Every structure is written in C-alpha cells, then in structure tokens.
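# A look at the structure
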Amino acid sequence: MSEPSLAAVLTIDLDAVRANWRLLGERTRPAPCAAVLKANAYGLGAARVGPALARAGCRQFFVAQLAEGVALRQALRDKTANTSIFVLNGVMESERLSFEAHGLVPCLNDLGQVDRWAQFARRLERKLPAALQVDTGMNRLGLPAAELDRLAGEPERLAGIDLRLVMSHLACADEPDHPLNRRQLDRFRTAAARLPAARASLAASSGIFLGPDFHFDLARPGVALYGANPTPWTANPMTQVVRLQGKILQVRSVDRGETVGYGASHRFIRPRRIATVGVGYADGFLRAASDRGGAVLGGVAAPIVGRVSMDLITLDVSDAPEELARPGVLVDLIGGDGSGRGRSLEDVAADAGTIPYEILTALGQRYERRYLGGIG
Ligand SMILES: *Cc1c(COP(=O)(O)O)cnc(C)c1O
C-alpha cells in the first residue's frame, strides 16, 4: 500500500455496508429495509453510500434535511421514479418548491405542515407524496396526540396528499425490556388504524431486533448499516465498515518523572517509548478520550498517554514491536485488519463517554478517505 499523503487514513468498506443492509433485510423480511443517510450517511459520505446501496437494491432512503435530500438525489443519478427519498425534519413553507423539483418526500410532523402540503398540491393540481410522522412517546418530532385526533376526525385534510407512509420513532429500542417500547408499539398501532390506509414504519436499527411486531411494512436502519452494534446487550451481529488509521510522526524515549502533553497531565513512573500520531480533536478524535483508550500497533495495545490535542495524540508504544514503532507507520485507532484485535466503535465511544453515532458523525475532513467495494 502506498504511503498516505495525509496524516491519517479512513477506510470505508461499502461492501460491508451492503452486507449489513442485506442482513437487516433478512431480519425484517417480508418487510423491506430502507437506509438512513442523514448527516452525510453518519459521516461516511452519502454520495458513496447511497449509490452503493441503490445498486444492491435499496429503494428507500431517509435524510434529515432538504439539502441532504437534494444532494442524495443528485448522487443517485435517478429521477423520482425508482427511489423515494424521505426528509425526516419536515418541510418549511419556503422549501416546498425544492421538495417538488427534486422529488423529495417530506415527513409531515404537524397539522400545519399537513394543511400547507395539501394546499400546495391543490395549487399544483396534482397529488403530492408525503409521509406522516406521529408521535408515540418520543416527544421530538411528529403529530402530537391531540393533532392526530383532529386529523383522524377530518381525513379530508389529507386530500391531495399521496400518503406513502405512516411512521413513528422509538425512544428506547436499545433497551429491549424498557416499558416504553410496548407502549409506543400500542400507540402506533392505534394511530395507524385511525388514519387512511398506508404503509407503516416504526423500527430503526435497534427496533429491528425487538421482534417482528415492530417491523410493520418498512424498517429504517441507520447506525447498524455503518457497523455499530444495534444490540448493545449482546455481541455485534454487524460487519465492520470503518477503519481509522493514524500515522506516527515521531517517536521518542521519555525518562521516569517526565510528563507528556498539555497540562502535563500524564507523568511517567518508568522509562517509556512514546509515539506522536497526527490525529486530534479537530479530526473528531474527541478530547474526552485524553488518557483513556488507545490504538493497536502490530496487534499490541498502545494506550493514549496525556491529552488529546487539536492535531495530535501521544501513545505509549513501549510494548509494540520495535520495528513498527517508527515514523510513517500507521496505527489502528478505530477498527482493524479484521483479526478482531482492533478497537470497536463501541470501545472508542466508551473511552470518550459517548455513543458510536457521535464517533461516526464527528469523523473529520482531514483524513484520506479510501472506499472499498460498492461496485456492481
Ligand atoms: C436517525 C433516525 C433513524 C435511524 O436510527 P438508527 O438508530 O441510526 O438506526 C430512523 N428513524 C428516525 C426518525 C431517525 O431520526
């Protein structure tokens, strides 16, 4: 492999994304799986992930914002016929023309949006597609119970709308025993029964693993596609997608009593070998991982010593093979060569006191990004 020009390499395995999508689809069958590509496909690049999944047969995508939908529509190089792109955050008055022009489907989240979208359809004198999101206990987006009551009593408000989907979102799907899961399921069934017939969707990544009751007509996985564990209570059934490697810039010996980095937060109690690697918090390698976590070099753990700074981290490489602890060599920060010795997204998230979602979406723009597979 050629030496990377930048100080770090982010490898994204598009075939692994597709394998994950297929695995989730097997679990939800006969209901198909969509793919959630919001926030630039969780930081991995929607312009690469989208077409790779479309070639594997994915026909339904979700993004959060209008601009993400427009970019994805362009990346898919397909007009509206084949693929639906749903925009979770709804549609503002000023955005209606763009939704229409790019064939995007808004998730209508309140009665005002329903009325304005229906009015827009009347003005255009044709039906406009939409999803309807109902709130079942998350209290974030979606029709509140009182608005659902009104809509159920006045279904003509949906005239002009081609209702493609009725959906809701689970708050605690990663905790199978949480009582809110059942309560949201019951509320969702009741809500769907009161609305005009349409396909229904409730489960995201973890919801898929709550069982067939939660699958309805379409699942909406995001993070599991990208290799994070949708079942935190047991082993990860997904395939690794992301490998982050940082380059060693310098190696030095330190004596007992010396310190490393800002604030001199780490003091050595015996002589050590320290490698400085060109990845820092400006790359999304969170500062909260200071003096925690680490890298893998030649199959050996190399703990982070001292603070994570803007462009650099310092690793204790004393236990690593000497011929590897030298400038230019890449260390594994997330994922690995498949031998299982790399650090998982979950490990790295725990080091920084956060969740894999934040690790992925924080991945920086200074990495050399290498995409594997995804063709054909
Ligand atoms: C983000 C999101 C998803 C995907 O969630 P994951 O946990 O990443 O699978 C699905 N539906 C909605 C409404 C979302 O906001």
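Let us look at the structure shown here. Small disclaimer: the values here were computed from a predicted structure and weren't measured. (Residues numbered from 1 in each chain as written. Predicted model: local features only at pLDDT ≥ 70, side-chain atom pairs only at ≥ 80, totals over all residues. Heavy atoms only, no water.)

### Notes on the overall build of the protein chain
Selection criterion: By definition, any uninterrupted DSSP run of H or I lasting at least four residues is a helix, any uninterrupted run of E lasting at least two residues is a strand, and each is numbered from the N terminus. What makes two residues a contact is simply this: any of their non-hydrogen atoms within 4.5 Å. In this description, accessible areas are obtained by the Shrake-Rupley approach with a 1.4 Å probe, and a residue is regarded as covered only by the protein chains that are shown.
Per the secondary structure count, the protein chain includes eleven helices and 17 strands. Here the C-alpha coordinates of the protein chain stretch approximately 80 × 45 × 35 Å along the principal axes. Sequence separation of 24 or more characterises 67% of the internal contacts of the protein chain that already satisfy a separation of 6 or more. Looking at the protein chain as shown, the accessible area adds up to about 16,800 Å², and 49% of this sits on carbon and sulfur atoms.

### Topic: the sheet that holds strand S7 (residues 161–167)
Two pairing modes exist for strands in a sheet, parallel and antiparallel, and in both the strands are linked by backbone hydrogen bonds. Put simply, the rule reads: For two strands to be treated as a pair, DSSP must find no fewer than two bridges joining them.
Reading across the sheet, the seven strands line up as S2-S3-S4-S5-S6-S7-S8 and stay open at both edges, with parallel pairing between neighbours. The open sheet has two edge strands with one neighbour each: strand S2 (35–36) and strand S8 (200–201).

### A short note on the pattern of salt bridges
Oppositely charged side chains may form a pair once their charged atoms are brought near each other. To keep things clear, this is the line we draw: Salt-bridge detection follows one rule: a side-chain nitrogen of Lys or Arg within 4 Å of a carboxyl oxygen of Asp or Glu. Residue burial is assigned from relative accessible area. The probe radius is 1.4 Å, only protein chains are included, and a residue is buried under 20% of its type maximum, exposed over 50%, and partly exposed in between.
Within the structure shown, the criterion is met by 16 salt bridges. Two residues, Asp 162 and Arg 164, come together in a salt bridge whose shortest N-O distance is 3.0 Å. A relative accessible area of 30% means that Arg 164 is categorised as partly exposed. Here the salt bridges share partners, and the residues they tie into one network are Glu 93, Arg 96 and Arg 116.

### Section: the packing of aromatic side chains
For the record, the criterion: Two aromatic rings from Phe, Tyr or Trp, using only the six-membered ring of Trp, form a pair when their centres are within 6.5 Å; if the ring planes differ by under 30 degrees the pair is stacked, by over 60 it is edge-to-face, and anything between is tilted.
The final tally for this structure, using the stated rule, is six aromatic pairs. When the ring of Tyr 42 is compared with that of Tyr 226, the centres are 4.9 Å apart and the planes differ by 40 degrees; the resulting orientation is tilted. With Tyr 42 in helix H2 (residues 38–42) and Tyr 226 in the loop between helix H9 (205–208) and strand S9 (242–254), this residue pair connects regions lying 184 residues apart in the sequence. Note on Phe 99 and Trp 117: the rings are 6.1 Å apart at their centroids and 75 degrees apart in plane angle, and the pair reads as edge-to-face. With Phe 99 in helix H5 (residues 96–101) and Trp 117 in helix H6 (residues 111–124), the pair connects residues that are 18 residues apart, well separated along the chain. In this pair, the class of Phe 99 matches that of Trp 117, namely buried.

### What about the nonpolar core?
Put simply, the rule reads: In plain words, nonpolar cores are sets of buried Ala, Val, Leu, Ile, Met, Phe, Trp, Tyr and Cys residues tied together by side-chain atoms within 4.5 Å.
One finds Leu 37, Leu 53, Phe 62 and Tyr 226 to be the most contacted residues of the largest nonpolar core, which totals 113 residues. Sorting elements by how many residues they give to this core places H6 first, with six residues. Look past the residues within four positions of Tyr 226 in its chain and what remains in contact with it is Val 17, Val 36, Leu 37, Ala 41, Tyr 42, Leu 44, Val 49, Val 241, Leu 345 and Leu 360. Counting five residues, the second-largest nonpolar core is a separate cluster that includes Val 254, Val 260, Phe 268 and Ile 274.

### Section: the site of the ligand
Filter applied, for reference: Near, as used in this document, describes a residue that has one of its heavy atoms within 4 Å of the molecule or strand being considered. Here a polar contact is taken to be a pair of N or O atoms separated by no more than 3.5 Å, where protein atoms must pair a possible hydrogen donor with a possible acceptor and residues adjacent in sequence count only if both atoms sit in side chains. Put simply, the grid is 1 Å and covers the protein atoms alone, a cavity is a trapped set of points that fit a 1.4 Å probe, a pocket is an open set with protein on both sides within 12 Å along at least five of seven lines, and lining residues have an atom within 4 Å of a point. In this scheme, a molecule is assigned to a cavity or pocket if more than half of its atoms are within 2 Å of the grid points. Only Asp, Glu, Lys and Arg are considered charged, only Ala, Val, Leu, Ile, Met, Phe, Trp, Tyr, Cys and Pro nonpolar, and every remaining residue, Gly among them, polar.
For the ligand, the set of nearby residues contains 13 residues, the closest of which are Lys 38, Tyr 42, Ser 205, Gly 222 and Tyr 357. Tyr 357 places a side-chain nitrogen or oxygen 2.6 Å from an oxygen atom of the ligand. Coverage of the ligand by the protein chains reaches 91% of its 390 Å² of free accessible surface. Put simply, the ligand lies in the largest pocket. Taken together, the residues that form the shell around the ligand break down as seven nonpolar, three polar and three charged.

### Looking at the state of the cysteines
Convention followed: Note that a disulfide, as used here, is simply two cysteine sulfur atoms within 2.5 Å.
Within this structure, the stated rule accounts for zero disulfides. Free of any disulfide, Cys 33 has its nearest cysteine sulfur in Cys 58, 8.2 Å distant. Owing to a relative accessible area of 4%, Cys 33 belongs among the buried residues under this scheme. No disulfide involves Cys 107; its sulfur sits 15 Å from that of Cys 58, the nearest cysteine. Owing to a relative accessible area of 0%, Cys 107 belongs among the buried residues under this scheme.

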